[in-house]
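# A closer look at the structure
Spelled out from the first residue to the last, the chains are:
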Amino acid sequence: MASNGDGKGRVATAAAGGGYGYGYGGYEGPEERKWWPWLVPTVIVACIAVFAVEMYENNCPKHGSQLGGCVAGFLRRFSFQPLRENPLLGPSSSTLEKMGALDWNKIVHQHQGWRLISCIWLHAGLIHLVVNMLSLLFIGIRLEQQFGFVRIGAIYLLSGFGGSVLSALFLRNNYISVGASGALFGLLGSMLSELLMNWTIYSNKAAAIITLLFIIALNLAIGILPHADNFAHIGGFVAGFLLGFVLLARPQFGWMERQELPQTSQPPKYKAYQYVLWVVSLVLLLIGFIISLVMLFKGKNGNDGCHWCHYLNCVPTSKWKCNT
(Lines give C-alpha, C1' and ligand atoms only; values in the text may rest on other atoms or scores of the structure.)
Protein backbone atom coordinates (compact mmCIF):
# COMPACT_ATOMS: atom_id res chain seq x y z
CA MET A 1 0.00 0.00 0.00
CA ALA A 2 1.05 3.54 -0.60
CA SER A 3 -0.74 6.53 0.77
CA ASN A 4 -0.45 10.17 -0.20
CA GLY A 5 -1.42 11.41 3.22
CA ASP A 6 -5.02 12.33 2.36
CA GLY A 7 -6.46 9.15 3.83
CA LYS A 8 -6.65 7.18 0.60
CA GLY A 9 -4.70 3.95 0.32
CA ARG A 10 -2.64 2.61 -2.55
CA VAL A 11 -2.48 -1.11 -2.06
CA ALA A 12 -1.14 -3.91 -4.18
CA THR A 13 -3.53 -6.84 -4.16
CA ALA A 14 -2.22 -8.64 -7.23
CA ALA A 15 0.82 -10.42 -5.94
CA ALA A 16 -0.89 -13.79 -6.08
CA GLY A 17 0.00 -16.58 -8.40
CA GLY A 18 -3.61 -17.61 -8.39
CA GLY A 19 -3.99 -21.18 -7.25
CA TYR A 20 -0.93 -22.38 -9.03
CA GLY A 21 1.43 -24.39 -6.93
CA TYR A 22 5.03 -25.03 -7.61
CA GLY A 23 6.06 -28.02 -9.66
CA TYR A 24 3.74 -27.87 -12.65
CA GLY A 25 6.77 -27.82 -14.93
CA GLY A 26 7.03 -31.61 -14.89
CA TYR A 27 10.31 -32.16 -13.04
CA GLU A 28 11.91 -35.34 -14.39
CA GLY A 29 14.93 -35.58 -12.11
CA PRO A 30 15.47 -38.10 -9.34
CA GLU A 31 13.38 -37.93 -6.19
CA GLU A 32 14.79 -35.22 -3.96
CA ARG A 33 14.42 -34.55 -0.28
CA LYS A 34 11.10 -32.95 0.64
CA TRP A 35 11.40 -30.28 3.32
CA TRP A 36 8.74 -29.84 5.97
CA PRO A 37 7.39 -26.30 5.37
CA TRP A 38 7.39 -24.34 8.61
CA LEU A 39 8.80 -20.96 7.60
CA VAL A 40 5.93 -19.89 5.32
CA PRO A 41 3.24 -20.68 7.95
CA THR A 42 5.35 -18.82 10.52
CA VAL A 43 5.55 -15.76 8.27
CA ILE A 44 1.77 -15.87 7.78
CA VAL A 45 1.17 -16.06 11.54
CA ALA A 46 3.65 -13.21 12.10
CA CYS A 47 1.91 -10.97 9.55
CA ILE A 48 -1.48 -11.67 11.14
CA ALA A 49 -0.05 -10.86 14.58
CA VAL A 50 1.48 -7.61 13.29
CA PHE A 51 -1.87 -6.62 11.77
CA ALA A 52 -3.55 -7.21 15.12
CA VAL A 53 -0.97 -4.90 16.72
CA GLU A 54 -1.67 -2.32 14.00
CA MET A 55 -5.36 -2.31 14.85
CA TYR A 56 -4.66 -2.20 18.59
CA GLU A 57 -2.41 0.84 18.13
CA ASN A 58 -4.87 2.45 15.72
CA ASN A 59 -7.73 2.47 18.27
CA CYS A 60 -10.31 4.06 15.97
CA PRO A 61 -12.93 4.73 18.69
CA LYS A 62 -10.43 6.82 20.67
CA HIS A 63 -8.85 8.78 17.82
CA GLY A 64 -11.90 9.00 15.57
CA SER A 65 -11.96 10.26 11.99
CA GLN A 66 -13.36 13.25 10.15
CA LEU A 67 -14.61 10.94 7.39
CA GLY A 68 -17.17 9.05 9.46
CA GLY A 69 -17.61 6.47 12.18
CA CYS A 70 -15.51 3.39 12.74
CA VAL A 71 -16.38 0.23 10.82
CA ALA A 72 -17.26 -2.90 12.83
CA GLY A 73 -17.56 -0.94 16.03
CA PHE A 74 -18.33 -4.10 18.00
CA LEU A 75 -14.62 -4.86 17.71
CA ARG A 76 -14.06 -1.84 19.93
CA ARG A 77 -10.36 -0.94 19.91
CA PHE A 78 -9.78 -3.21 16.92
CA SER A 79 -12.48 -1.61 14.75
CA PHE A 80 -11.51 -0.26 11.31
CA GLN A 81 -11.20 3.26 9.98
CA PRO A 82 -14.15 4.58 7.91
CA LEU A 83 -14.37 3.09 4.42
CA ARG A 84 -13.94 6.54 2.88
CA GLU A 85 -10.55 6.70 4.58
CA ASN A 86 -9.43 3.09 4.18
CA PRO A 87 -11.62 0.90 1.94
CA LEU A 88 -9.44 -2.12 2.75
CA LEU A 89 -10.70 -2.40 6.34
CA GLY A 90 -7.62 -1.30 8.19
CA PRO A 91 -5.88 1.42 10.20
CA SER A 92 -5.11 5.03 9.34
CA SER A 93 -2.09 6.15 7.36
CA SER A 94 -0.68 7.79 10.48
CA THR A 95 -0.77 4.47 12.35
CA LEU A 96 1.02 2.70 9.50
CA GLU A 97 3.63 5.44 9.38
CA LYS A 98 4.14 5.18 13.14
CA MET A 99 4.63 1.41 12.95
CA GLY A 100 7.24 1.44 10.19
CA ALA A 101 5.69 2.07 6.78
CA LEU A 102 8.01 2.90 3.91
CA ASP A 103 8.52 6.66 4.02
CA TRP A 104 11.20 8.22 1.79
CA ASN A 105 11.64 11.31 3.92
CA LYS A 106 12.18 9.34 7.12
CA ILE A 107 14.55 6.87 5.44
CA VAL A 108 16.74 9.50 3.79
CA HIS A 109 16.61 12.48 6.15
CA GLN A 110 15.96 10.78 9.49
CA HIS A 111 18.19 7.75 8.85
CA GLN A 112 15.42 5.19 9.42
CA GLY A 113 16.66 2.59 6.97
CA TRP A 114 14.96 -0.14 8.99
CA ARG A 115 11.71 0.90 7.31
CA LEU A 116 12.90 -0.86 4.15
CA ILE A 117 12.34 -4.12 6.04
CA SER A 118 9.59 -3.26 8.52
CA CYS A 119 7.14 -2.22 5.79
CA ILE A 120 7.15 -5.78 4.43
CA TRP A 121 5.41 -7.01 7.59
CA LEU A 122 2.70 -4.34 7.64
CA HIS A 123 -0.59 -4.43 5.72
CA ALA A 124 -3.00 -1.67 4.83
CA GLY A 125 -6.12 -3.57 5.77
CA LEU A 126 -7.81 -6.89 6.32
CA ILE A 127 -8.48 -7.35 2.59
CA HIS A 128 -4.83 -6.58 1.78
CA LEU A 129 -3.68 -9.05 4.42
CA VAL A 130 -5.96 -11.90 3.30
CA VAL A 131 -5.02 -11.57 -0.39
CA ASN A 132 -1.28 -11.49 0.33
CA MET A 133 -1.34 -14.33 2.84
CA LEU A 134 -3.37 -16.59 0.53
CA SER A 135 -0.88 -15.80 -2.23
CA LEU A 136 2.02 -16.67 0.06
CA LEU A 137 0.30 -19.90 1.06
CA PHE A 138 -0.21 -21.03 -2.55
CA ILE A 139 3.24 -20.00 -3.79
CA GLY A 140 5.48 -20.36 -0.75
CA ILE A 141 4.52 -23.77 0.64
CA ARG A 142 5.48 -25.69 -2.51
CA LEU A 143 8.70 -23.73 -2.92
CA GLU A 144 9.73 -24.39 0.68
CA GLN A 145 8.95 -28.10 0.29
CA GLN A 146 11.24 -28.23 -2.75
CA PHE A 147 14.13 -26.01 -1.64
CA GLY A 148 13.98 -25.62 2.13
CA PHE A 149 13.45 -22.69 4.46
CA VAL A 150 16.92 -21.13 4.16
CA ARG A 151 16.81 -20.48 0.42
CA ILE A 152 13.14 -19.53 0.24
CA GLY A 153 13.43 -17.34 3.33
CA ALA A 154 16.40 -15.53 1.78
CA ILE A 155 14.51 -14.97 -1.48
CA TYR A 156 11.43 -13.72 0.37
CA LEU A 157 13.30 -11.20 2.54
CA LEU A 158 15.76 -9.96 -0.09
CA SER A 159 13.01 -9.60 -2.69
CA GLY A 160 10.88 -7.64 -0.25
CA PHE A 161 13.90 -5.46 0.50
CA GLY A 162 14.54 -4.94 -3.22
CA GLY A 163 10.93 -3.94 -3.78
CA SER A 164 11.14 -1.44 -0.91
CA VAL A 165 14.31 0.16 -2.29
CA LEU A 166 12.88 0.64 -5.79
CA SER A 167 9.59 1.91 -4.37
CA ALA A 168 11.40 4.48 -2.20
CA LEU A 169 13.49 5.64 -5.17
CA PHE A 170 10.47 6.39 -7.35
CA LEU A 171 7.53 7.18 -5.04
CA ARG A 172 9.49 9.55 -2.78
CA ASN A 173 7.62 12.40 -1.06
CA ASN A 174 3.99 12.35 0.07
CA TYR A 175 3.61 8.58 -0.13
CA ILE A 176 3.98 5.72 2.27
CA SER A 177 3.94 2.08 1.30
CA VAL A 178 3.34 -1.21 3.12
CA GLY A 179 2.80 -4.85 2.25
CA ALA A 180 4.47 -8.14 1.36
CA SER A 181 3.68 -7.85 -2.35
CA GLY A 182 7.30 -7.20 -3.36
CA ALA A 183 8.41 -10.35 -1.52
CA LEU A 184 5.62 -12.35 -3.16
CA PHE A 185 6.60 -11.11 -6.61
CA GLY A 186 10.12 -12.19 -5.73
CA LEU A 187 8.90 -15.74 -5.21
CA LEU A 188 7.17 -15.60 -8.61
CA GLY A 189 10.38 -14.33 -10.17
CA SER A 190 12.39 -17.11 -8.57
CA MET A 191 9.96 -19.69 -9.97
CA LEU A 192 10.61 -18.36 -13.47
CA SER A 193 14.40 -18.31 -13.11
CA GLU A 194 14.38 -21.77 -11.51
CA LEU A 195 12.54 -23.10 -14.54
CA LEU A 196 15.06 -21.49 -16.89
CA MET A 197 18.06 -22.49 -14.76
CA ASN A 198 17.00 -26.16 -14.70
CA TRP A 199 15.53 -26.20 -18.19
CA THR A 200 16.96 -29.56 -19.24
CA ILE A 201 15.34 -31.57 -16.43
CA TYR A 202 11.76 -30.42 -17.01
CA SER A 203 9.11 -31.82 -19.30
CA ASN A 204 6.21 -29.71 -20.61
CA LYS A 205 8.58 -26.73 -20.72
CA ALA A 206 6.53 -24.60 -23.10
CA ALA A 207 3.28 -25.00 -21.17
CA ALA A 208 5.01 -24.31 -17.87
CA ILE A 209 6.77 -21.14 -18.97
CA ILE A 210 3.71 -19.77 -20.83
CA THR A 211 1.53 -20.32 -17.77
CA LEU A 212 4.04 -18.70 -15.45
CA LEU A 213 4.65 -15.72 -17.75
CA PHE A 214 0.91 -15.18 -18.06
CA ILE A 215 0.50 -15.12 -14.26
CA ILE A 216 3.39 -12.68 -13.87
CA ALA A 217 2.24 -10.39 -16.70
CA LEU A 218 -1.32 -10.33 -15.38
CA ASN A 219 -0.20 -9.36 -11.88
CA LEU A 220 2.17 -6.66 -13.15
CA ALA A 221 -0.56 -5.29 -15.43
CA ILE A 222 -2.98 -4.99 -12.52
CA GLY A 223 -0.22 -3.10 -10.71
CA ILE A 224 -0.50 -0.13 -13.13
CA LEU A 225 -3.95 0.66 -11.76
CA PRO A 226 -4.25 3.44 -9.16
CA HIS A 227 -3.62 2.63 -5.49
CA ALA A 228 -1.03 -0.08 -6.25
CA ASP A 229 2.70 0.25 -5.66
CA ASN A 230 3.95 -1.41 -8.83
CA PHE A 231 7.53 -0.29 -8.21
CA ALA A 232 7.58 -2.62 -5.19
CA HIS A 233 6.25 -5.40 -7.43
CA ILE A 234 8.87 -4.79 -10.12
CA GLY A 235 11.75 -4.43 -7.68
CA GLY A 236 10.74 -7.59 -5.84
CA PHE A 237 10.29 -9.52 -9.07
CA VAL A 238 13.70 -8.56 -10.47
CA ALA A 239 15.46 -9.36 -7.18
CA GLY A 240 13.67 -12.72 -6.91
CA PHE A 241 14.38 -13.53 -10.55
CA LEU A 242 18.13 -13.03 -10.06
CA LEU A 243 18.12 -14.81 -6.69
CA GLY A 244 16.46 -17.82 -8.29
CA PHE A 245 19.49 -18.29 -10.55
CA VAL A 246 21.80 -17.98 -7.54
CA LEU A 247 19.96 -20.18 -5.04
CA LEU A 248 17.70 -22.63 -6.90
CA ALA A 249 19.97 -24.57 -9.24
CA ARG A 250 19.29 -28.33 -9.37
CA PRO A 251 21.96 -30.97 -10.11
CA GLN A 252 21.71 -32.24 -13.67
CA PHE A 253 19.95 -35.50 -14.41
CA GLY A 254 22.20 -38.47 -13.63
CA TRP A 255 24.37 -36.79 -11.00
CA MET A 256 22.29 -38.21 -8.14
CA GLU A 257 22.98 -41.74 -9.44
CA ARG A 258 26.73 -41.16 -9.83
CA GLN A 259 27.54 -43.95 -7.34
CA GLU A 260 26.13 -46.46 -9.83
CA LEU A 261 28.28 -45.18 -12.70
CA PRO A 262 31.94 -45.97 -13.49
CA GLN A 263 34.40 -43.42 -12.13
CA THR A 264 35.24 -42.23 -15.63
CA SER A 265 31.58 -41.69 -16.61
CA GLN A 266 30.42 -39.55 -13.71
CA PRO A 267 28.81 -36.28 -14.86
CA PRO A 268 29.52 -32.91 -13.23
CA LYS A 269 26.97 -31.71 -10.70
CA TYR A 270 25.91 -28.68 -12.74
CA LYS A 271 26.03 -27.81 -16.41
CA ALA A 272 28.28 -25.03 -17.69
CA TYR A 273 25.37 -22.68 -18.46
CA GLN A 274 24.16 -23.02 -14.86
CA TYR A 275 27.52 -21.77 -13.57
CA VAL A 276 27.43 -18.87 -16.04
CA LEU A 277 23.92 -17.86 -14.99
CA TRP A 278 24.90 -18.12 -11.32
CA VAL A 279 27.89 -15.78 -11.71
CA VAL A 280 26.12 -13.24 -13.95
CA SER A 281 23.04 -13.10 -11.71
CA LEU A 282 25.08 -12.69 -8.52
CA VAL A 283 27.10 -9.84 -10.05
CA LEU A 284 23.97 -8.08 -11.37
CA LEU A 285 22.25 -8.50 -8.01
CA LEU A 286 25.15 -6.99 -6.05
CA ILE A 287 25.59 -4.11 -8.50
CA GLY A 288 21.86 -3.40 -8.51
CA PHE A 289 21.58 -3.30 -4.72
CA ILE A 290 24.70 -1.16 -4.29
CA ILE A 291 23.72 1.43 -6.92
CA SER A 292 20.10 1.60 -5.72
CA LEU A 293 21.04 2.04 -2.06
CA VAL A 294 23.66 4.69 -2.85
CA MET A 295 21.11 6.62 -4.93
CA LEU A 296 18.47 6.29 -2.22
CA PHE A 297 20.57 7.49 0.69
CA LYS A 298 21.96 10.35 -1.38
CA GLY A 299 18.37 11.51 -1.88
CA LYS A 300 18.32 10.90 -5.64
CA ASN A 301 14.99 10.75 -7.45
CA GLY A 302 14.69 7.77 -9.75
CA ASN A 303 12.28 9.69 -11.98
CA ASP A 304 15.01 12.23 -12.86
CA GLY A 305 16.86 9.65 -14.92
CA CYS A 306 13.76 7.97 -16.29
CA HIS A 307 11.00 10.39 -17.22
CA TRP A 308 8.62 7.66 -18.41
CA CYS A 309 9.08 5.26 -15.49
CA HIS A 310 6.08 6.67 -13.61
CA TYR A 311 3.90 4.93 -16.19
CA LEU A 312 5.15 1.60 -14.81
CA ASN A 313 3.37 2.44 -11.57
CA CYS A 314 0.14 3.96 -12.86
CA VAL A 315 -1.28 4.77 -16.30
CA PRO A 316 -3.84 7.62 -16.21
CA THR A 317 -7.05 7.26 -18.21
CA SER A 318 -10.39 9.04 -18.50
CA LYS A 319 -11.65 6.77 -15.69
CA TRP A 320 -9.00 7.58 -13.06
CA LYS A 321 -6.08 9.82 -12.19
CA CYS A 322 -2.73 8.73 -10.85
CA ASN A 323 -2.03 11.59 -8.45
CA THR A 324 -4.81 10.75 -6.00
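Residues numbered from 1 in each chain as written. Predicted model: local features only at pLDDT ≥ 70, side-chain atom pairs only at ≥ 80, totals over all residues. Heavy atoms only, no water.

### Topic: the overall build of the protein
- Counting its regular elements, the protein contains 11 helices and four strands.
- Pairs at least 24 apart in sequence give 77% of the contacts found in the protein among residues at least 6 apart.
- Accessible surface, the protein: about 15,200 Å² in total, of which carbon and sulfur atoms supply 67%. (Helix = DSSP H or I, 4+ residues; strand = E, 2+ residues; numbered from the N terminus. Contact = heavy atoms within 4.5 Å. Areas by Shrake-Rupley, 256 points an atom, 1.4 Å probe, with all protein chains shown as cover.)

### Brief notes about the UniProt feature "transmembrane region" (unreviewed entry) in the protein
- Cross-referencing UniProt, the feature "transmembrane region" (unreviewed entry) maps to residues 35-53, 120-143, 149-171, 183-201, 207-225, 237-255 and 275-297 in the present numbering.
- Strand forms 0% of residues 275-297 and helix 100%; the C-alpha atoms that close the span are 33 Å apart. (UniProt positions renumbered as here; feature names shortened; annotations may be inferred.)

### Some remarks on the packing of aromatic side chains
- If you walk through the whole model with that rule in mind, you get seven aromatic pairs.
- With a centroid separation of 5.7 Å and 35° between ring planes, the pair formed by F161 and F289 is classed as tilted. In this pair, F161 sits in helix α7 (residues 149-171) while F289 sits in helix α11 (residues 272-297), placing the two residues 128 residues apart along the sequence. Summarising the burial analysis for this pair, F161 and F289 share the class buried.
- Relative to F231, the ring of F170 lies with its centre 4.6 Å away and its plane at 15°, an arrangement referred to as stacked. Of this pair, F170 sits in helix α7 while F231 sits in helix α10 (residues 230-247), and the two are 61 residues apart along the sequence.
- Judged by its relative accessible area of 14%, F170 falls in the buried class.
- Judged by relative accessible area, F231 falls into the buried class, the value being 3%.
- An aromatic cluster of three or more residues is present, and its members are F237, F241 and F245.
- Note that R77 overlies the ring of Y56, its terminal NZ or CZ placed 3.7 Å from the centroid. (Phe/Tyr/Trp six-rings, centres within 6.5 Å; stacked < 30°, edge-to-face > 60°. Buried < 20%, exposed > 50% of the residue type's maximum accessible area, 1.4 Å probe, protein only. Lys NZ or Arg CZ within 6 Å of the ring centre and 35° of its normal.)

### Some remarks on unusual backbone geometry
- One non-glycine residue, N59, lies in positive phi territory at about 45°.
- In this fold, N59 is placed in the loop between α1 (39-58) and α2 (60-63).
- Residue N59 is classed as buried on the basis of its relative accessible area of 10%.

### A look at helix α9 (residues 205-222)
- Over its 18 residues, α9 extends 26 Å from the first C-alpha to the last, a length consistent with the 26 Å expected when each residue adds 1.5 Å.
- Inspection of α9 places A208, I209, L212, I215, I216 and N219 among the buried residues, and these make up the whole buried set. Buried residues in α9, looked at end-on, bunch into an arc of 130°, giving them a common side. Exposed side chains of α9 directed beyond 90 degrees from the buried face belong to I210 and F214.
- Close packing links the buried residues of α9 with α8 (181-197) and α10. (Expected span 1.5 Å × (residues − 1). Arc of directions from axis to C-beta.)

### Here's the deal with the confidence of the model for the protein
- For the protein, the mean per-residue pLDDT works out to 83, and 81% of the residues sit at or above 70.
- Under a pLDDT of 50 for its full length, residues 4-24 has, in the predicted model, 79 contacts with residues more than four places off or in other chains. (pLDDT = per-residue confidence, 0-100.)

### Considerations on the environment of C119
- By secondary structure assignment, the location of C119 is in the loop between α5 (115-118) and α6 (126-147).
- Overall, the relative accessible area of 3% leaves C119 in the buried class.
- C119 sits 57 residues away from I176 along the chain, and the two C-alpha atoms are 9.2 Å apart.
- In this structure, C119 is in contact with G100, A101, L102, S164, S177, V178 and G179, ignoring residues within four places of it in sequence.

### Some words on the nonpolar core
- Within the largest apolar cluster, 59 residues are counted, with the highest numbers of intra-cluster contacts made by L136, Y156, L187 and L296.
- Going through the elements one at a time, α1, α4 (104-109), α6, α7, α8, α9, α10 and α11 are the ones with two or more residues in this core.
- A total of nine residues in this core trace back to one element, the largest contributor, which is α7.
- Those residues in contact with Y156, other than ones at most four positions away along the chain, are V43, I120, L136, A180, A183, L184 and L187.
- Core analysis: the second largest hydrophobic core is formed by seven residues, L88, L96, L122 and A124 among them. (Core = buried A, V, L, I, M, F, W, Y, C linked by side-chain atoms within 4.5 Å.)

### Description of the layout of surface pockets
- Within this model, the largest pocket holds a volume of roughly 290 Å³.
- If you go around the largest pocket, you meet 14 residues; those closest to its centre are L166, G235, V238, G288 and S292.
- Looking at the lining of the largest pocket, the elements with two or more residues in it are α7, α10 and α11.
- Counting residues per element, the lining of the largest pocket draws most heavily on α11, at six residues. (1 Å grid on protein atoms, 1.4 Å probe; cavity = no way out; pocket = protein on both sides within 12 Å on 5 of 7 lines; lining within 4 Å. Points joined across faces, edges and corners; volume = space filled by probe spheres on them.)

### As for the packing of α7 against α10
- Packing of α7 against α10 brings their axes to within 7 Å, and their N-to-C directions diverge by 145°. In this structure, α7 meets α10 at a crossing whose hand is right-handed. Taking contact as the criterion, the partners of R151, A154, I155, L158, S159, G162, G163, L166, S167, F170 and L171 in α7 are, on α10, F231, A232, I234, G235, G236, A239, G240, L243 and L247.
- Here the residues of the contact of α7 with α10 sort into 12 nonpolar, seven polar and one charged. (Axes fitted to C-alpha atoms, helices over the stretch in contact; angles between N-to-C directions. Left-handed = near helix turned anticlockwise from the far one by under 90°. Nonpolar A, V, L, I, M, F, W, Y, C, P; charged D, E, K, R; others polar.)

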